[in-house]
Amino acid sequence: MLPEVIKHLAVKPGGIYIDCTLGGAGYTLELAKRVGSGGKVLALDMDIAAIRNAQDKIAEQDLKNIILVQENFKNIVQVYYKYFKKEELADGVVFDLGLSSYQLADKERSFSFQHEGSLDMAFGKGTEKSTVEIVNNYSLLDLTRIFREYGEERNAYKIAKAIVLQRKKKKIEATQDLVDIIVKQYPKRAYYKIHPATKVFQALRIETNQEFNNLKTALAEISKILKFKGRVVVVSFHSGEDRIVKQFFKNNEEVMPIVKKPITASEEEVLNNPRARSAKLRFGIKVV
Ligand SMILES: C[S@@+](CC[C@H](N)C(=O)[O-])C[C@H]1O[C@@H](n2cnc3c(N)ncnc32)[C@H](O)[C@@H]1O
């Protein structure tokens, strides 16, 4: 969604832009080139691997106008004022939510169910509960709720029940142990469009990182650091996240949406990157 993000942020040379989700640094690098030496880009990610990867790319491209911070974007206002003066407000902010493709591809981390080690889906340090704690301590009802709400998993109750039974025998710590429990709840030889563990893993990642709460907190605060006519662009991949963004633009009196319907990825982008099929972009402008 890079061209759409740049267009709807209305990027200006000399401007100050915030990339709340640095990831592979694609948006940050493009923003830094467009604002030029008179502008600044503040980029956040909870994941130290994203920060290190971006440091290398920034050095290679000799860009001097990027500030990288390993932080949760729910603290965006405090982070912003560490680097900018009170009167220096931002021209735009972008959130590109969820998981980056490099995190998913990293077999050392349990975002991928091919991972062989212990279950840990935290983007970075400082999550309140670990994935292992969630899997082993949440009640049957809570596990069912998160698998249903965050994973849209049809077999939510059945899988939650199997987890609760299994953990009574032995604590569930390894990724593969969880995958085995989930797979057993699906009919044998069934044709799967996606791996049966995909939705439960997504749900556990969202719960571990408190992704929906982080988004609500950040959006509720964001207008404090935006200029008049400053822009907020949010790209989401989950219907629950899109609902939060839609409600924010509907109810917030300072940031107004320009179009009601979300913008989706071009056919070409979907062909190159199938994950983009579920991307929804919404944007708004600060009107006071
Ligand atoms: C979809 S990727 C962003 C991709 C990026 N736009 C690019 O050009 O490569 C999302 C990134 O946001 C980070 N992230 C998710 N929630 C976060 C939060 N609350 N605070 C900071 N970073 C977060 C993840 O660690 C991940 O690296």
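Keep in mind that what you see is a predicted model, and the values were worked out from it rather than measured.

Chemist: An account of the site of the ligand is requested, with residue identities and associated values reported.
Modeler: Inspection of the region around the ligand gives 20 residues, with Thr-21, Gly-23, Gly-24, Gly-26 and Ser-100 positioned closest. Elements that contribute at least two residues to the shell around the ligand include exactly helix H2 (26–35) and strand S2 (40–45).

Chemist: Can you break down the environment of Leu-119 residue by residue, with the values?
Modeler: Residue placement: Leu-119 occurs in the loop between helix H5 (101–105) and helix H6 (131–137). The exposure class assigned to Leu-119 is buried, which follows from the 24 C-beta atoms found within 10 Å. Distance from Leu-119 to Glu-173, taken between C-alpha atoms, is 5.7 Å for residues 54 residues apart in sequence. The contacts of Leu-119, once residues within four sequence positions are left out, are Ser-110, Thr-131, Val-132, Val-135, Glu-173, Ala-174, Thr-175 and Leu-178.

Chemist: Quick one: what's the story with the packing of helix H11 (residues 211–222) against helix H12 (residues 239–251), residue by residue and with numbers?
Modeler: H12 packs onto H11 with a crossing angle of 15° between their chain directions and a minimal axis gap of 10 Å. By the criterion of interaxial angle, the relationship of H11 to H12 is roughly parallel. The element H11 and its partner H12 pack so that their crossing is right-handed. In this structure, H11 contributes Phe-212, Leu-215, Lys-216 and Leu-219 to the contact, and H12 contributes Gly-240, Glu-241, Ile-244 and Phe-248.

Chemist: Lay out the domain arrangement of the protein chain in plain terms, naming residues and giving numbers.
Modeler: Partitioning the protein chain into structural domains gives domain 1 (2–102 + 211–286) and domain 2 (128–209). In this structure, domain 1 and domain 2 have C-alpha centres spaced 31 Å apart. At the junction of the two partners, domain 1 supplies four residues and domain 2 supplies five residues. Residue composition of the side of domain 1 that touches domain 2, grouped by class: two nonpolar, one polar and one charged.

Chemist: So what's going on with the environment of Val-259? Residues and values would help.
Modeler: Residue placement: Val-259 occurs in the loop between strand S6 (255–257) and strand S7 (263–264). Separated by 40 residues in the primary sequence, Val-259 and Leu-219 have C-alpha atoms spaced 18 Å apart.

Chemist: Tell me about helix H3 (residues 48–61), residues and numbers included.
Modeler: Compared with an ideal rise of 1.5 Å per residue, which puts 14 residues at 20 Å, H3 spans 20 Å between its outermost C-alpha atoms and is within 8% of the ideal. Burial in H3 covers these residues: Ala-50, Ala-54 and Ile-58. Mapping the buried residues of H3 onto a view down its axis gives an arc of 65°, with all of them on the same face. Away from the buried face of H3 by more than 90 degrees, exposed residues Ile-48, Arg-52, Asp-56, Ala-59 and Glu-60 are located. The inward-facing, buried residues of H3 contact H2, S2 and strand S3 (66–70). Once H3 finishes, Asp-62 follows within two positions and takes phi at roughly 55°, a positive value.

Chemist: Mind laying out the nonpolar core, listing which residues take part and the relevant values?
Modeler: If you look at the biggest cluster of nonpolar residues, it comprises 50 residues, and the most contacted ones within it are Tyr-17 and Cys-20. Dropping the residues within four chain positions of it, Tyr-17 is found in contact with Leu-9, Val-11, Leu-31, Val-35, Val-41, Ala-90, Asp-91 and Gly-92. Core analysis: the second largest hydrophobic core is formed by 24 residues, Val-132, Leu-143, Ile-163 and Ala-197 among them.

Chemist: Got a sec to walk through H11? Specific residues and values, please.
Modeler: End to end, H11 covers 16 Å across twelve residues, agreeing with the expected 16 Å (1.5 Å per residue, within 8%). Within the span of H11, buried status applies to Glu-211, Asn-214, Leu-215, Ala-218, Leu-219 and Ile-222. All buried residues of H11 fall inside an arc of 125° around its axis, so they share one side. Lining the buried residues of H11 we find helix H4 (76–83), strand S4 (90–96), helix H10 (198–209), strand S5 (226–236) and H12.

Chemist: So what's going on with unusual backbone geometry? Which residues, and what values?
Modeler: The phi dihedral of Glu-152 is positive, around 50°, even though this residue is not glycine. By secondary structure assignment, the location of Glu-152 is in the loop between helix H7 (140–149) and helix H8 (156–169). The phi dihedral of Lys-229 falls on the positive side, at around 75°, and the residue is not glycine.

Chemist: Explain the environment of Phe-113 residue by residue, including any values.
Modeler: Its place among the elements puts Phe-113 in the loop between H5 and H6. Among all residues touching Phe-113, those that are not within four sequence positions of it are Thr-175, Val-179, His-195, Ala-197 and Phe-201.

Chemist: Which residues make up the pairing of S4, and what values go with them?
Modeler: The element S4 is extensively covered by neighbouring structure, given that seven of its seven residues are classed as buried. As defined by bridge partners, strand S1 (residues 16–19) adjoins S4 across three bridges and the pair is classed as parallel. Looking across to S4, one finds that Asp-19 is bridged to Val-94. As judged from the six bridges shared by S4 and S5, these two strands associate in the parallel manner. Residue pairing for S5: Ala-90 is matched across the bridge by Leu-226.

Cut-off values and rules
Residues numbered from 1 in each chain as written. Predicted model: local features only at pLDDT ≥ 70, side-chain atom pairs only at ≥ 80, totals over all residues. Near = placed C-beta within 6 Å. Helix = DSSP H or I, 4+ residues; strand = E, 2+ residues; numbered from the N terminus. Buried ≥ 20, exposed ≤ 12 C-beta atoms within 10 Å, placed from the backbone. Contact = placed C-beta atoms within 7 Å. Axes fitted to C-alpha atoms, helices over the stretch in contact; angles between N-to-C directions. Parallel < 35°, antiparallel > 145°, perpendicular 65-115°, else oblique. Left-handed = near helix turned anticlockwise from the far one by under 90°. Domains from an automatic or database assignment. Nonpolar A, V, L, I, M, F, W, Y, C, P; charged D, E, K, R; others polar. Expected span 1.5 Å × (residues − 1). Arc of directions from axis to C-beta. Core = buried A, V, L, I, M, F, W, Y, C linked by C-beta atoms within 7 Å. Pairing = 2+ DSSP bridges.

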